[in-house]
Amino acid sequence: MPVECVVGAQWGDEGKGKIIDLLSRDADYVVRFQGGNNAGHTIRVGNDQIVLHLVPSGILHPTTRCVVGNGVVVDPEVFFEEIDFLNQGGVSTEGRLFLSDRAHLIFPFHREIDRIMESDRGVRSIGTTKRGIGPAYADKAKRWGVRLGDLYDEDMFAATLRMHLDEKNALLEKLPDAQTFKFEELYERFLGYAKRLAPYACDSVAVIHEAARSGARVLLEGAQGALLDLDFGTYPFVTSSNTFTGGAITGTGLPPKALDRVIGVTKAYTTRVGEGPFPTEELGEVGERIQVAGNEFGATTGRPRRCGWLDAVAIRYAVAVGGLDALALTKLDVLSGFQEIKVAVAYQRGEERLSWYPSVIDTHKGFEPVYQTFPGWSEKIDAVTKFEDLPPNAVGYISFLEETIGVKISIVSVGPERDQVIFR
Ligand code: GDP
Ligand code: IMO
Ligand code: MG
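One structure accompanies this document, and this report is about it. (Residues numbered from 1 in each chain as written. Chains lettered and ligands numbered in written order. Predicted model: local features only at pLDDT ≥ 70, side-chain atom pairs only at ≥ 80, totals over all residues. Heavy atoms only, no water.)

1. A word on the packing of aromatic side chains
- In total, this model carries 19 aromatic pairs according to the counting rule given.
- On the numbers, 6.2 Å between centres and 75 degrees between planes, the contact of Phe109 with Phe181 is edge-to-face. With Phe109 in helix α3 (residues 108-120) and Phe181 in the loop between α5 (154-173) and α6 (183-197), this residue pair connects regions lying 72 residues apart in the sequence.
- Of the residues examined, Phe181 reaches a relative accessible area of 10% and is grouped as buried.
- Connected via pairs of aromatic rings, a cluster forms that spans Phe79, Phe80, Phe107, Phe109, Phe157, Phe181, Phe183, Tyr187, Phe190, Tyr193 and Tyr200.
- Directly above the ring of Phe183 sits Arg162, whose terminal nitrogen or CZ lies 3.8 Å from the centroid.
- Residue placement shows Arg424 over the ring face of Phe387; its charged tip is 3.8 Å from the ring centre. (Phe/Tyr/Trp six-rings, centres within 6.5 Å; stacked < 30°, edge-to-face > 60°. Helix = DSSP H or I, 4+ residues; strand = E, 2+ residues; numbered from the N terminus. Buried < 20%, exposed > 50% of the residue type's maximum accessible area, 1.4 Å probe, protein only. Lys NZ or Arg CZ within 6 Å of the ring centre and 35° of its normal.)

2. Things to note about the site of ligand 1
- As a matter of local geometry, ligand 1 sits amid 18 residues, with Lys16, Gly17, Thr42, Asp333 and Ser413 nearest to it.
- Arg305 is positioned such that a nitrogen or oxygen atom in its side chain is 3.1 Å from an oxygen atom of ligand 1.
- A distance of 2.9 Å separates an oxygen atom of ligand 1 from a polar atom in the backbone of Lys331.
- Across the complex, the protein chains shield 91% of the 590 Å² of accessible surface that ligand 1 would expose by itself.
- Only α1 (16-24) and β3 (41-45) provide two or more residues apiece to the shell around ligand 1.
- With 3 residues, the single largest contributor to the shell around ligand 1 is α1.
- The residue inventory of the shell around ligand 1, partitioned by class, reads 4 nonpolar, 7 polar and 7 charged.
- Two domains each donate at least three residues to the shell around ligand 1, and these are domain 1 (3-100 + 201-262) and domain 3 (265-423). (Near = heavy atom within 4 Å. Polar contact = N/O pair within 3.5 Å; in protein donor to acceptor, adjacent residues only side chain to side chain. Areas by Shrake-Rupley, 256 points an atom, 1.4 Å probe, with all protein chains shown as cover. Nonpolar A, V, L, I, M, F, W, Y, C, P; charged D, E, K, R; others polar. Domains from an automatic or database assignment.)

This is the structure:
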C-alpha cells in the first residue's frame, strides 16, 4: 500500500467486496468514500455469505479499522442493522468502526421521494434501488442536507427538519399513494439515532490524514462503478455520486497525490442492474446462460442483472478516467464451458468507428459492438491458484484483455471464496 483505492470499472457488482476483503488483510484502515446502502458488497467465508451495504468490506479482519467517509450518505437504520448483524455473528465493531460527522443522513422522506419519482419518471426511469440515495444527495447539493454532526445541535436540527417537512410534505400530499411525515415523530427518532451514533462519530478527515501521515496502510473502497458515476457514467442512468477515483478524493479529504495505486475491478463479462445503455447486452440464450452460471441477481434488491460480453471500450475509458494502475478480473470461472467468448473492442455505425465511450446516450444509437471472438475452455477453473495452471485459452483471453485495455490484470478471481484467487 500505503494508500490504495479500489473502484468498480463497469456498472457495479464487479466483485469489489471480495477483492477489498482480500486486500484488507494487509490494511490498517478501510474507508468507504461514497454511495450509501444502494451498494451490496458480498464476502464469502466458508459457508457464510455476508452482504455489506454501508460498513466497509474490511470489517471481517479483526485488527482493521473501518471508516465510513464524508462522501457517503447514511441511513442510520441500515447502519444499526448492519452493526447488529455483524455483532451477532461475532464480528466486533466497537472501537474500530467510525462514521464521518460530515456524512449526510438519509431520512424516510428521501426513500419515499425516491420511490415516487421512480414511478413517475417515464422514459427517464432509472430503476434505482429506492433507498433514497438520489434525494439525499440532491439535498446535499442544495445545501439543505443534515449531516451526522448537525444532529448534535438540536435547535438547528429542529429548524432544518421543519424546513424539510414543509417542502417534502407539500410535494407528497399532492400524490395519491404517497406517505407524509410528522415532525415530532422524526425529530425524536433522529435524536435517538444521534445518541446511538455518537460512539462512531468522528472527524473522518482528521482520522484518515493522521492514519496516512503515520504510514498506516489505507484502503479506499468505492461503491457502484465507473459507468454509474454521476459525471462520467451513462447519465442520466447513473447513481447520484462520483463513484470513481475522483470520489475517493472528495469522499475522504485525501489529496489526489496521496493515492499510490488505483485498482479497478471488472468481471470477465458485463452485467448491469436497472435501466440505461448496455452496448454488449445479450438478450437471448447467451445472456441467460451467463446470468444462471454467474448467479447474477442483485445483492441489494434481488433484481436479475442484465448480462453480456465484456466491453473493452468501456473498460479502456474507465482506465483513462480513473487512472487505473491495475485490474482485478473476477468471475472468470463463470465463462468455463462457453465454446466461444467475445469481447467488444470498438463500436461501429456504417463507416464510423468509435473506440472511446460516448458522452451522450443518444450517440449510442445505431452503433453496434465490434467483437473479437476467442475459443473458450471446458475445464472448471475454480480450484486454480497459479496463473500458469489456467487453461491456455483462458490465459490467451487474459493476455488479449491486457493488450487491448492497456493495463495489467494483477488479480484473477475464480470463485466467490477467499482462496479462489490468483495473485500475479
Ligand atoms: P460488489 O458490489 O462489486 O461487491 O459485487 P456483488 O457482491 O454485488 O456481486 C458479486 C457477486 O459475485 C457476489 O455474489 C460474489 O460472492 C460473487 N463473486 C465474486 N467473485 C467471484 C468469482 O470470481 N467467481 C464467482 N463465481 N463469483 C464471484
Ligand atoms: P455496488 O456497490 C449495481 C444502480 C441502480 C440504478 C442506478 C441508480 O453493489 O456495485 P440509486 O439507487 O443509486 O439511485 O440507483 O444505479 N446501482 C447499482 N448497480 N451495483 C451497485 O452498487 C449499485 N448501486 C446503484 O440499479 O440503475
Ligand atoms: Mg453489489
